[in-house]
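Per-entry structural report
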Amino acid sequence: MQWGIKMAKMRTSNKYPKISGILYSSNDGPKVKAKLFRDLNAYELYKSVDYLKDHRFFRDSIRLNKNNALHKMYGVSCPRSSLEKSVYWAIGVIEVNKDLISAFLLKQDRIISQILNGDYFECLETIDELDRVVGISAWAITIRGSILSLIGDFDAKVEYARHLDELSGENTFISSIAKHISSRYVDVDVFLPNARSFKSQITRSFDGALLNLLLYKLTVKDYLQPLDYESIFNDEKNTSLIDLFECVLNYLAFSTCNVGHDDSSRVFAVTKLNKLFRHPIISNIASMLGLSCDWEFMASEYSFIDLYTEGRYEDICRLFEQAAPNELLDFQYFEIVAKSATRVSSPRLSGLRGKVVGSLIDILEKNSKYNNSLSFLLCLCHSFQPLKWFCELNLFLERERKSLNDSECLKIRNLSIIYSTFNSPRKLYILDQTTSNIFIEKCSEAIPDSLALFLFTHKEQLHNTSSEHLTKIEHNRLSKYIGKSLLEAEEYQSAIRILETLASCDDTLICFEASSMLVEAYIKTGKALNALIQFVDKCLVNHSFVYNYDTSAICDIAKTIAKESTSIYVPVAISLHSRYIDDKYDSVLRFSFEMFLLNNKVELPLDDLSIYTNYTENIVNYFLEHACIPDVMKLYFNLPNTRAIDDCRISICNYLVSKNISKEHLIQEVKDRARKIVIGAAYKQIEKSRIYSDTSIFYNEGSRNKYIQLFDKYCTLASANYEAYEDEKSLSEIYTLFKDKDLLSQAHTLFILKLPLNEKNSTFLTLLQRIRDDFAYGDKGFNYYLSTRIRHGHLPTTLRKCVLDEQLVTKKIANSNNFKPNEYWLGKLWIYDDKVMDKIHKAFSEFTLKYEEEIETINDKWLQITSLDQSIINLSDTKSKSEAIFDFSIGNFESYALQRKVPPTSNYAECVKLIIDWLWQRTDISLHKAREKLSVTARQRLLDLMHSLQKEVFLLSGESQGATDLNDAIGRARAALNTNLEQVISWFTRSEGSVVAHYDIDIAIEIAIRSAFVKVGIVKDKSYNLDGSTLSYIVDLLYILFENAISKSHLPKDFLELTLKLSSEQNVVKVVVTNKCLEVSDINIANTQLEYYRTSYGNTDLHRKNIQGEGGTGFFKIYNILKNLLGLEHSIQFGYITNNSFQVEINITNFEKVLNYEDINC
Amino acid sequence: MKILIVEDDYDKKKIVTNYIHEICGIGTEITERESLRSGLMELIKNNDYDYVILDMSLPNFDINEDEPGGGTPESFAGREFMEQMNLRELTCPVIILTQYSSFERGSVSLEDLRNEFSFNYSKFYIGLVYYNAVTDNWKNELAEILLSEN
């Protein structure tokens, strides 16, 4: 079967058995479509379109949304296929609808003119007409939405959004796309940050085909970003005729400027389209491919270009000023006018034209309005992205705002030529030799004396050319052309001589271009340092000049001299790239920073200022401010840790501030860094204060009496002689034995059974036990801190975080021992076998169960205190405490050994000190054991659980993307567990006391937030500066409040809306914590159920019992912290304030007690 | 033989160390470092290692009580490590052993990294092995590189 027969014949007889066969293969539309796209080759698909255009299954896919059915857009209509098939199909569809496309192109030209002339309402009417004729499109939605925003018609915008919502129906995807594309024009000030954030959000959240589509459809166009057009076509062929046509044009332009694209599809598309439409992209690519030599050379265009080439800038501005509204609308005119206007006074223009030209001048000059103007023009480009004129503007901005390397430069230049309507000599850049010759011949015939054409055809020999043509050219321009010609002829020394002069001329644009070429010439001749000096000196005058240079080439040359160089220009040049272009040379910057210091024989940047004497103050200040930053210094071995890096940076900031450099910004940086250091120290203080027991109670007058009485009794007894007593004899003998063998430190390991103690020994043991009990279990004792600062949420939360972050644990079903399915991983690992899926579900449930059991074991069994003394050891049920690590049990021998250490002359204080030292020694033994068990046993058990899960799932699901993702997730969880476990281990060291003299309450809040891993909204009437000794207690208090909100709300953390309000009125400081919670059916009943905690609050007996434990103990601990540890008088109210929110309010009447004395008047 | 392992994962480090002893002999001298900085510093001080086995994602500093999280974590610490080796003209053979199948949310594959490293660090980069604790594939690949080099 040959395809080249006429359509009339095709319809009259069944000449398409293949298509007929497919059409009759099923009565199911999608199946038939799938078969058609599968069974036909690309060309057959193209040919089939005309045949199928009225077929019930294909009509909609070919007529493409003619009926304004927005809700059908992006619905699956045409099956996915290869790029080639999609392109051929699209060309078939465009051919069938060629009249509509022609109408669209005419209207598009009118729309551009209307926008540039500010005829916005007429423009909206044109778009309405377009919708009526061709059907609704994303293209038209974008333009209409942008115009409504541009004219500030908010009501119309809202009405339009509502209309789009209605048209979208149930199709939420198109509704969302329509919302975004119709809202592209935003406030210029926020445009760039918004656009960046939106793009990174999309990149982070999506991948694959959807990511491609969203990048194509919604984000600011980046001509250098590769896009997968196969995937884009698969979506766009299910949109509208206009959108499909635009997709073809975008693809043609993209594929022409990117290597590796299927040439046959492009040639086919251009050949077909060039016969149907006059469009610059199509005709330019056709010329480029040698398919067409049909150029129209306009005398008006050439006279404009020649005027500019001669340097007659005023004439250009005048002509543009005098042009009628429908004249000189091509982007090239705007570019030439703006370039001219940088040399002479700007033309007087009104409306959008005037704003655009003004902004182009700012960008070309890189003046103080550069950023605003760039943002404005980029916003316009994004808003009117579908219009060719704005694509050309966008490409111009790409050249001006980015430091492009050679290949990127070439790509952008070629794209600009492809989009351009001007048949200027610039076209020669994209034509092959044969086509170029035809172009020159035809152009010479049409415009015989064109200066631009002469320069273009002689550009490589210009320096050896003497022609009358050249005498017309303005002096600086001519020098630039000759310099460029010498550079292209590789006559670098001659080029350098000309360019060195030109790089300091008054003509801003020529100066920029000459400087850039000069850097290139220096690089080519191996004059690395000269290149860096030229680049840096220019850029330090105005940092935006960076975009005039190929900074990658500059960094590459800097890299070659970094190891040996003592010049500050090396790190400064690379830093300019890192700050303004990208992070590609960050490693080299780190290295060059280090080598600059080492080669100059200094350790730190401010060690010896004489190393800077040969440089201007400007460059030294730049180096210190922008190159000596923590990210650059982080690998430098003379700065051993982050604290040293921060200290170094602070000293640099202070030095610069003293010289009035970037004062405001650097003072803020110093504050931020100092705050970070204080937080670090405070955090460390908190971490190091978890293991503590307040021993001051043994010395304070009020609390020591009970021990003194016992001590006095012991002293009286000890004055008598007990040598004849059996116990004394035995204990003394063993003591001598232990002492001789240097085993006294092991005294706690020996219990001597059936040895009744005499009164003296018995009294000492009792004294010891009393002190031990208060040391271990007192209100400010060891167990209180262990419970509040480790067991109460901290440890479980920290160990759980790594598996929660990777969603490896699943939730329990309420009131059941079963687990909910882990939808995240079950979705990723899905296979078509229910039994296997059930086993995977069980593996995750089992993992959760065992992981929680391990945490429970550590928290509730290991990290407990045991103090089973000899007298009760046989009575006790030891099961519950058998694994307790903190052992404060006292035996008769240990008591005796300690007694022997107390000199007969010692007073109460000396004796207590000895006992407390001994208690801390016992604690240290337990702490060592705790660190060991956590580091080895706990780590191994938790890692083993992860390993088992990984192995089990891998065996069940086999090698799959899901299993690979799980492997990655477990890898991350393992790394995080190791870090978190190290953090937990670091808690088990003895407190070193207060290192922070005073602190802002924000620091305590931040540490509590970090510990609870929760977001908290903070409202504060003023700052509160507190005494350093209170830091740990305030953190404890806040942590308990936050943790209670998390654990009692029964809501995920993200839904908690936790807020903390701090205010003071008439010397009463009010702390209010509010959070959302799972809705209670009856607020009164729910509040009544809390009555126990209200009545128990402050009850000494209950309080003692509860502060040592976990679970339902939060309010008891709050009381203990406020009343006993901080000595704060207060009242508390708590309860449900609505059915789904809970509040705790604490009013403190003597808050000044904890304030830093300097802040006492707050 | 002297090998430097730069790896912050306790479990992985232990398994890899055992395996190297298994295939290269118990006499193999293995030095362990746990961060980008400490690894690099070790190599600058002692540039006589026969191999460096390098993780891709490492903390900047060794984890200790002053640097509880090891400073900023670096997803491409392996790349930075090799870039610094390149700049400092250190040429000890490097094998990357990573337990991640891709980076940057899947946009950088292991194959991309292999190509990049072969191109940029051909003087010392000798291979990238994907470590998966539940299979032994990584062992074969690592052995193949280590043993073929000897």
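In this report, we go over the structure that sits alongside the text.

We now examine the sheet that holds strand S6 (residues 94-98) of chain B. All names here are of chain B. Pairing in this open sheet of five strands is parallel, and the strands run S2-S1-S3-S6-S9 from one edge to the other. Every interior strand has two partners, whereas the edge strands, strand S2 (29-33) and strand S9 (125-130), have only one. If you compare each strand with its neighbour and ignore which way they point, the axes differ by 20° on average. Sheet analysis places S6 next to S9, joined by five bridges and oriented parallel. Residue pairing for S9: Ile95 is matched across the bridge by Gly127. Across the face of the sheet, helix H3 (residues 77-87) comes into contact with strand S1 (2-6), strand S3 (51-54), S6 and S9 while running at roughly 150° to S3.

Here we come to the packing of aromatic side chains. Scanning all chains against the criterion turns up 68 aromatic pairs over all chains. Between Tyr43 of chain A and Tyr46 of chain A, the ring centres sit 5.6 Å apart and the planes meet at 45°, which makes this aromatic pair tilted. Separated by three residues within a single helix, Tyr43 of chain A and Tyr46 of chain A lie in helix H4 (residues 42-52), roughly one turn from each other. Residue classification places Tyr43 of chain A among the partly exposed residues on the basis of a relative accessible area of 34%. Where Phe593 of chain A meets Tyr636 of chain A, the ring centres are 5.4 Å apart and the plane angle is 80°; that geometry is what we call edge-to-face. Placement of the pair is Phe593 of chain A in helix H34 (residues 586-599) and Tyr636 of chain A in the loop between helix H36 (630-633) and helix H37 (642-658), with a sequence separation of 43 residues. Neither residue differs from the other here; Phe593 of chain A and Tyr636 of chain A are each classed as buried. Ring-pair connections join several aromatic residues into one group, and the members of that group are Phe320, Phe331, Phe334, Phe384, Trp389, Phe390 and Phe396 of chain A. Above the face of the Tyr429 of chain A ring, Arg413 of chain A is positioned so that its terminal group lies 3.7 Å from the ring centre. In this structure, Lys12 of chain B is placed above the aromatic ring of Tyr131 of chain B, and the distance from its NZ or CZ to the ring centre is 5.5 Å.

To continue, consider the sheet that holds strand S7 (residues 1068-1076) of chain A. Residues and elements named next belong to chain A. What the five strands build is an open sheet, ordered S4-S6-S7-S9-S8; its pairing is mixed. Since the sheet does not close on itself, it has two edges, and those belong to strand S4 (1016-1020) and strand S8 (1130-1138), each with one partner. Going across the sheet, the axis of each strand differs from the next one's by a mean of 15°, ignoring polarity. The sheet contact formed by S7 and strand S9 (residues 1141-1148) spans eight bridges and is antiparallel. Bridge pairing links Val1071 to Ile1146 in S9.

Parameters and conventions
- Residue indices begin from 1 for each chain and proceed along its sequence in written order.
- The order in which chains are written sets their letters, starting at A; the order in which ligands are written sets their numbers, starting at 1.
- Reporting of local features is limited, given that this is a predicted model, to residues whose pLDDT is at least 70; pairs of side-chain atoms are given and counted only at 80 or more, and all residues count toward the totals for whole chains, interfaces and linings.
- Heavy atoms from the whole structure form the basis of all side-chain values; hydrogens and water molecules are not counted.
- Two strands are said to pair when DSSP picks up at least two bridges between them.
- Going along the chain from the N terminus, every DSSP run of H or I of four or more residues is numbered as a helix, and every run of E of two or more is numbered as a strand.
- Think of each axis as a best-fit line through the C-alpha atoms, taken over the contacting stretch in the case of a helix, with angles from 0 to 180 degrees between the N-to-C directions.
- Any two residues whose heavy atoms approach within 4.5 Å at even a single point are treated as in contact.
- Here a pair means two rings of Phe, Tyr or Trp (six-membered ring of Trp) with centres within 6.5 Å. Their orientation is stacked below 30 degrees between planes, edge-to-face above 60, and tilted elsewhere.
- Buried residues are those whose accessible area, probed at 1.4 Å on protein chains only, stays under 20% of the maximum for their type, while exposed residues exceed 50% and partly exposed ones sit between those limits.
- Should the NZ of a Lys or the CZ of an Arg lie within 6 Å of a ring centre and within 35 degrees of the ring normal, that charge is described as sitting over the ring.

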